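The primary structure of each chain is shown beneath.
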Amino acid sequence: MLLPAAISKKEFIMNRNSKVLMAIAALLLIGVYFVPIWQISLDAPQYPEGLGLEIWVNTVDGQNPHDLNKINNLNHYIGMKTIEPDAIAELKIMPVLIGLMIVLGLIAAYSGKRSLMIGWLALFAILGIVGLYDFYLWEYDYGHNLDMEHAIIKIPGMSYQPPLLGSKQLLNFTATSLPGIGGYLMAASALAGLIAIFLAPRSTKRSTGVKTNENTVQKAAAILLLSLLWACNPAPEAIRYGEATCARCKMMIMDQEFGAELVTTKGKIYTFDSIECLAAFYLADGVPHSDVHSMWITPFNNPGNLVEVSDAAFLHSAGLPSPMGMNLSGYANRTDAQQMQTQYGGNVLAWEDVFTILDQKTGNQPAQNSEKPCCGGCAAEVATN
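Keep in mind that this is a model prediction, so the values were computed, not measured.

**Notes on the sheet that holds strand E4 (residues 166–170)**
Step number 1: With respect to topology, five strands assemble into an open sheet ordered E3-E2-E1-E5-E4, the strand pairing being antiparallel. What marks the edges here is a single partner per strand, and that holds for strand E3 (60–62) and E4. Strand-to-strand, the axes of this sheet are offset by a mean angle of 20°, without reference to chain direction.
Step number 2: The sheet contacts of helix H4 (residues 114–144) involve strand E1 (38–44), strand E2 (47–55) and strand E5 (173–179), and relative to E1 the element is tilted by about 30°.

If you want it as structure tokens, here you go:
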């Protein structure tokens, strides 16, 4: 292959790869028309199957059939607005903007000009920031601008704004807001565009003296890819004591020494008031085991932190009663658990041993639904009644 004298083979290959990546960045956005960009799920005792909304590029729909109607009916009781997709102006603009970004991205890819790629990514970033801010404003208006005159349930000072990202307790509902597949496609598109810029030569003229260091580019691309993977990695959140309710026994989570969480592979978070409720929820397939990303407990001697159950140690001691009566407390490591054992007695356990204790307390019949006991304390209450 004959190359212009001013361009080396390395520069030619990097420029070609840059064009291909830029084209991929633009074409990834086509998928946004076929999958939801964002999703908001609602969990409550009276809706064990859950409710949810999916925000698409041109509409808002329920995660399940009739979910949108159910949510609008619930909103009526607390004075919230009805969600009418046809009345949301942004849903008419977004398809056009995405189409424009696809066309501009393909033009930048065809030209191979670094300046056009930078302009495309800058415009993408601006639209993303404006879009998230607009979504926040919509949520704020949706949760604060209430028709209290006609609301059936009135709680002075209460607002119902869903979270922009993450989970939040709204009365007896846990609202979880996360990107949909379309949101991740947009993030992947931006990442591909950013790497394309790094690969694009700053100048096609050797006289400029500017040379691209291939190793530096590869390292930068790897760092960017790892950063995106880390950002998309599900992680626990601080438990809102006094606000959140236990996903298993539905009690308010109050005791900061015993809180726990389960995080799904999609980033959804279930909170619990005790280790035993977390274990019972897991055994009862509250979430299919294949969908469980990680489980976390609060160290008894270090409240405010969370430790993954695989790294934690547990103490089963009558001297340390837990919220649900199984006398289980958790620690960051076995040494901490043994120190507490010296003071309070009992047995130091691994996570797998907790399931054995749970089986013994509930007669070897871990709960399978909300009508069965979730732990030893609940079992005692059921037996009493």
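**Some details on unusual backbone geometry**
Excluding glycine, a negative phi dihedral is what most residues carry, and trans is how most peptide bonds are arranged.
Step number 1: Even without glycine at this site, His 66 takes up a positive phi of about 75°.
Step number 2: Relative to the helices and strands, His 66 resides in the loop between E3 and helix H2 (67–78).
Step number 3: On the accessibility criterion, His 66 (57% relative accessible area) is exposed.
Step number 4: Residues other than glycine seldom take positive phi values, yet Asn 327 does so here, at roughly 60°.
Step number 5: Within the secondary structure layout, Asn 327 lies in the loop between strand E10 (313–316) and strand E11 (328–331).

**Observations regarding the pairing of E2**
Step number 1: Of all nine residues that make up E2, seven are buried, and the element is covered over most of its length.
Step number 2: With six bridges joining them, E1 and E2 adopt antiparallel strand pairing. For Ser 41, the partnering residue across the bridge sits in E2 and is Gly 52.
Step number 3: Between E2 and E3, which pair antiparallel and follow one another directly, the connecting turn spans four residues.

**Comments concerning the packing of helix H7 (residues 275–283) against helix H9 (residues 351–361)**
Step number 1: Orientation of H7 relative to H9, taken along the N-to-C sense of each, is 85°, at an axis distance of 10 Å. Viewed along their axes, H7 and H9 adopt a mutual orientation that is roughly perpendicular. Counting all contacts with H7, which are made through Ile 275, Glu 276, Leu 278, Ala 279, Ala 280, Tyr 282 and Leu 283, the residues of H9 involved are Trp 351, Val 354, Phe 355, Leu 358 and Asp 359.
Step number 2: Grouping the amino acids of the contact of H7 with H9 by side-chain chemistry returns ten nonpolar, no polar and two charged.

**Structural notes on the layout of surface pockets**
Step number 1: Considering only enclosed or pocket space, the second largest pocket measures out at about 1100 Å³ in volume.
Step number 2: Surrounding the second largest pocket, 48 residues form its lining, Asp 43, Pro 48, Lys 268, Tyr 270 and Gly 286 being those nearest its centre.
Step number 3: It is E2 that contributes the most residues to the lining of the second largest pocket, six residues altogether.
Step number 4: In terms of residue class, the lining of the second largest pocket is built from 18 nonpolar, 19 polar and eleven charged.

**Here's the deal with helix H5 (residues 181–199)**
Step number 1: Taking 1.5 Å as the rise per residue, H5 with 19 residues should run 27 Å; its terminal C-alpha atoms sit 27 Å apart, in good agreement.
Step number 2: Within H5, burial applies to Gly 182, Gly 183, Ser 189, Leu 191, Ala 192, Gly 193, Ile 195, Ala 196, Ile 197 and Leu 199.

**Considerations on the state of the cysteines**
Step number 1: Applying the stated criterion to the full structure yields zero disulfides.
Step number 2: In this model Cys 249 remains outside any disulfide bridge; the closest cysteine sulfur is found in Cys 246, 3.7 Å from its own.

**Re the pattern of salt bridges**
A pair can form between side chains of opposite charge whenever their charged atoms are brought close.
Step number 1: Counted by the stated rule, this structure contains one salt bridge.
Step number 2: Across the salt bridge formed by Lys 268 and Asp 43, the nearest N and O atoms sit 2.3 Å from each other. Remark: Asp 43 occurs in strand E1 and Lys 268 occurs in the loop between strand E6 (260–264) and strand E7 (269–272); sequence separation between them is 225 residues.
Step number 3: A residue is classified by how much of its surface remains accessible, and Lys 268, at 15% relative accessible area, is buried.
Step number 4: Since its relative accessible area comes to 18%, Asp 43 is described here as buried.

**A few points about the nonpolar core**
Step number 1: Counting 34 residues, the largest nonpolar core has Leu 262, Phe 272, Leu 278, Met 295, Ile 297, Phe 314 and Trp 351 as its most contacted members.
Step number 2: Of all the secondary structure elements, the ones that give two or more residues to this core are E6, E7, H7, strand E8 (292–297) and H9.
Step number 3: Residue contributions to this core peak at seven residues, all from H7.
Step number 4: Not counting the four nearest positions on each side in its chain, Phe 272 is found in contact with Cys 246, Ala 247, Arg 248, Ile 253, Phe 258, Gly 259, Ala 260, Glu 261, Leu 262, Cys 277, Leu 278 and Phe 281.
Step number 5: In terms of nonpolar packing, the next biggest core, distinct from the first, is built from 23 residues, Leu 68, Leu 91, Leu 146 and Leu 170 among them.

**Points about the sheet that holds E6**
Step number 1: In space, the four strands of this open sheet follow the order E7-E6-E8-E9, with antiparallel pairing throughout. Looking at strand neighbours, the two that pair on one side only are E7 and strand E9 (307–308), the edges of this open sheet.
Step number 2: Of the strands in this sheet, E6, E7 and E8 are in contact with H7, which crosses E8 at around 160°.

**Focus on H9**
Step number 1: For H9, the full list of buried residues reads Trp 351, Val 354, Phe 355, Ile 357 and Leu 358. Burial along H9 is one-sided: seen end-on, the buried residues are contained in an arc of 160°. Along H9, exposed side chains directed more than 90 degrees from the buried face belong to Glu 352 and Gln 360.
Step number 2: On its buried face, H9 sits against H7, E8, E10, E11 and strand E12 (347–349).

**Some remarks on a nonpolar patch on the surface**
Step number 1: The grouping of Ile 93, Leu 97, Leu 100, Val 103, Leu 104, Ile 107, Leu 116 and Leu 123 at the surface amounts to a nonpolar patch, some 610 Å² of accessible area in total.
Step number 2: At the level of secondary structure, the elements contributing two or more residues to the nonpolar patch comprise helix H3 (90–111) and H4.
Step number 3: The leading source of residues in the nonpolar patch is H3, at six residues.
Step number 4: Structurally, Val 103 is set in helix H3.

What counts and how
- Residues numbered from 1 in each chain as written.
- Predicted model: local features only at pLDDT ≥ 70, side-chain atom pairs only at ≥ 80, totals over all residues.
- Heavy atoms only, no water.
- Pairing = 2+ DSSP bridges.
- Helix = DSSP H or I, 4+ residues; strand = E, 2+ residues; numbered from the N terminus.
- Axes fitted to C-alpha atoms, helices over the stretch in contact; angles between N-to-C directions.
- Contact = heavy atoms within 4.5 Å.
- Buried < 20%, exposed > 50% of the residue type's maximum accessible area, 1.4 Å probe, protein only.
- Parallel < 35°, antiparallel > 145°, perpendicular 65-115°, else oblique.
- Nonpolar A, V, L, I, M, F, W, Y, C, P; charged D, E, K, R; others polar.
- 1 Å grid on protein atoms, 1.4 Å probe; cavity = no way out; pocket = protein on both sides within 12 Å on 5 of 7 lines; lining within 4 Å.
- Points joined across faces, edges and corners; volume = space filled by probe spheres on them.
- Expected span 1.5 Å × (residues − 1).
- Disulfide = S-S within 2.5 Å.
- Salt bridge = Lys/Arg side-chain N within 4 Å of Asp/Glu carboxyl O.
- Core = buried A, V, L, I, M, F, W, Y, C linked by side-chain atoms within 4.5 Å.
- Arc of directions from axis to C-beta.
- Patch = residues over 30% accessible without salt bridge, like charges linked within 9 Å, V, L, I, M, F, W, Y side chains within 5 Å.
- Areas by Shrake-Rupley, 256 points an atom, 1.4 Å probe, with all protein chains shown as cover.

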